[in-house]
Amino acid sequence: MPFSKFGLETEILQAVEKAGYTRPTPVQERSIPMVMKGHDLIAIAQTGTGKTAAFVLPILHRLSLLNRERELHGTRALILAPTRELVLQIAENIAIYGQHLPIRIAAIYGGVDEEAQLKTLRKGVHLIVATPGRLMDFLDQQKLDFHPLETLVLDEADRMLHMGFLPDIEKIISALPQRRQTLMFSATFSKEVESLARRFLNQPKMIQIGNRSEAADTVSQCVYEVQPHLKGPLLVELLKQPKFKRVLVFVRMKDGANRLTDFLRAAQVKVTKLHSSRTQEQRQKALQDFKDGIYQVLVATDIVARGIDIDGVTQVINFDFPVNPEDYVHRVGRTGRAEHQGEAISFVPKGDLNLLGITELTLGQRLVRKKLRGFDYFAKSPAPSAEAPPAKRDWRKRTREMEAKKSEKPVAPKTPWPKAKKPPGKRGKK
Ligand code: AMP
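Note that the structure is a prediction, hence the values are computed from the model and not measured.

## Some details on the sheet that holds strand 8 (residues 219-225)
Working step 1: Strand order in the open sheet formed by 7 strands is 10-11-9-12-13-8-14, with parallel pairing between adjacent strands. The two strands at the open ends of the sheet, each matched to only one other strand, are strand 10 (271-274) and strand 14 (368-370). Recorded for the sheet is a direction-independent mean angle of 25° between the axes of neighbouring strands.
Working step 2: Judged from the 4 bridges that link them, strand 10 and strand 11 (residues 297-300) form a sheet pairing that is parallel.

## Section: the sheet that holds strand 1 (residues 41-45)
Sheet strands line up and pair through hydrogen bonds in the backbone, either parallel or antiparallel.
Working step 1: Pairing in this open sheet of 7 strands is parallel, and the strands run 3-4-2-5-6-1-7 from one edge to the other. The two strands at the open ends of the sheet, each matched to only one other strand, are strand 3 (105-108) and strand 7 (205-209). The mean inter-strand angle of the sheet, taken between neighbouring strand axes irrespective of direction, is 10°.
Working step 2: Pairing between strand 1 and strand 7: 5 bridges, direction parallel. Bridge pairing links A45 to I209 in strand 7.
Working step 3: Across the sheet, helix 2 (residues 26-36) touches strand 1, strand 6 (181-186) and strand 7, and the angle it forms with strand 7 is around 170°.

## Some remarks on empty space enclosed by the protein
Working step 1: Scanning the model with the defined rule gives 2 cavities of 30 Å³ or more in all.
Working step 2: Of the pockets and cavities examined, the second largest cavity occupies roughly 30 Å³.
Working step 3: Forming the boundary of the second largest cavity are I59, R62, L63, R76, A77, E150 and T151.
Working step 4: In terms of residue count, the dominant contributor to the lining of the second largest cavity is helix 3 (residues 51-68) (3 residues).
Working step 5: For the lining of the second largest cavity, a count of residues per class yields 3 nonpolar, 1 polar and 3 charged.

Conventions and cut-offs
Residues numbered from 1 in each chain as written. Predicted model: local features only at pLDDT ≥ 70, side-chain atom pairs only at ≥ 80, totals over all residues. Heavy atoms only, no water. Pairing = 2+ DSSP bridges. Helix = DSSP H or I, 4+ residues; strand = E, 2+ residues; numbered from the N terminus. Axes fitted to C-alpha atoms, helices over the stretch in contact; angles between N-to-C directions. Contact = heavy atoms within 4.5 Å. 1 Å grid on protein atoms, 1.4 Å probe; cavity = no way out; pocket = protein on both sides within 12 Å on 5 of 7 lines; lining within 4 Å. Points joined across faces, edges and corners; volume = space filled by probe spheres on them. Nonpolar A, V, L, I, M, F, W, Y, C, P; charged D, E, K, R; others polar.

This is the structure:
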């Protein structure tokens, strides 16, 4: 089915063509006609399936009609998304798809000065893309007028609920007109998502694209079983292969991201990092530089796992295996996007084998085990290590302490090993 079959305005079709889209993705094919008819919609779709265009194109179509009727004034659509990065990405997509339309949009998110965003709002915008937190601040300050609003989109609804945005979402929705179209996109259909839909959607149509716990078919997935202290060196070895062009490496903690970045830099890898303790400016720059190919590697926490679209990520590497199978699917969804081939590689030390097992059960498949030829999987202490430095303690002292505790004897102070005196009688004995 070509895009032209949807009945979208010509300006939108031109922009879609310019973006290089030849045919709609399945989520677009199924959502766009329902949204154009005015239905509420719950779409359960994996990341990277083209869901942004699925809701943005019909909204733009509506704005374009209003413009033609000279009725285009006031904020007509609100899109809520969980993270600043996703808000910016959606806003960028709107700018692309709406490049031939006279629409004004505002991207509202925290972590940056309010004034610039308020200035944009004061000029009047037709479409707002926002994270719930900052939008709530503006609502409290009575900076927003949602009377003309027609469409509300909740993007990555499951993620917003996970992040604790429910109270903000409830308050925001209570400030919107009751008569509106509500579209909800979510990677999973949990009980919480279902309850949100029941409360705020009106006789919604529902579509589900793919299995909720599957990664896209365009991603090949494998596992390297490797000891924790060898994960860094193994990563460096893999990165030497020419096919590792644009590599997104996931770690669990911000500290881990900092340590791994330093380790890779020391190994001459072009690497940048993204986690929540960095400023918004640093986060945007890291993402942009990675997108522009300035860096081969972006080390990130799960903050980047959802929704974020980076063209041509060749590999996603779970340097730390995700605790939650859903996070696995989201991380892996950063590669193999828009029908390109991608590779997802997980480093799994013994201690994480149980997590791997749970993820495999959820995925319904056993992931292929791989070994890098020539890599020493039994190396003792590579230096320096990308893993956490061992806690500063003297294991001999600790053993003595534990033994003393067992026998309830006081701990003997650490003394240097006595120089072994050879018994005189044995000297020279042959
Ligand atoms: P999304 O799931 O909305 O983040 O989209 C994932 C990627 O697919 C983005 O890079 C889009 O530009 C791209 N995309 C969306 N729709 C299409 C389409 N119909 N044909 C080709 N690429 C698309």
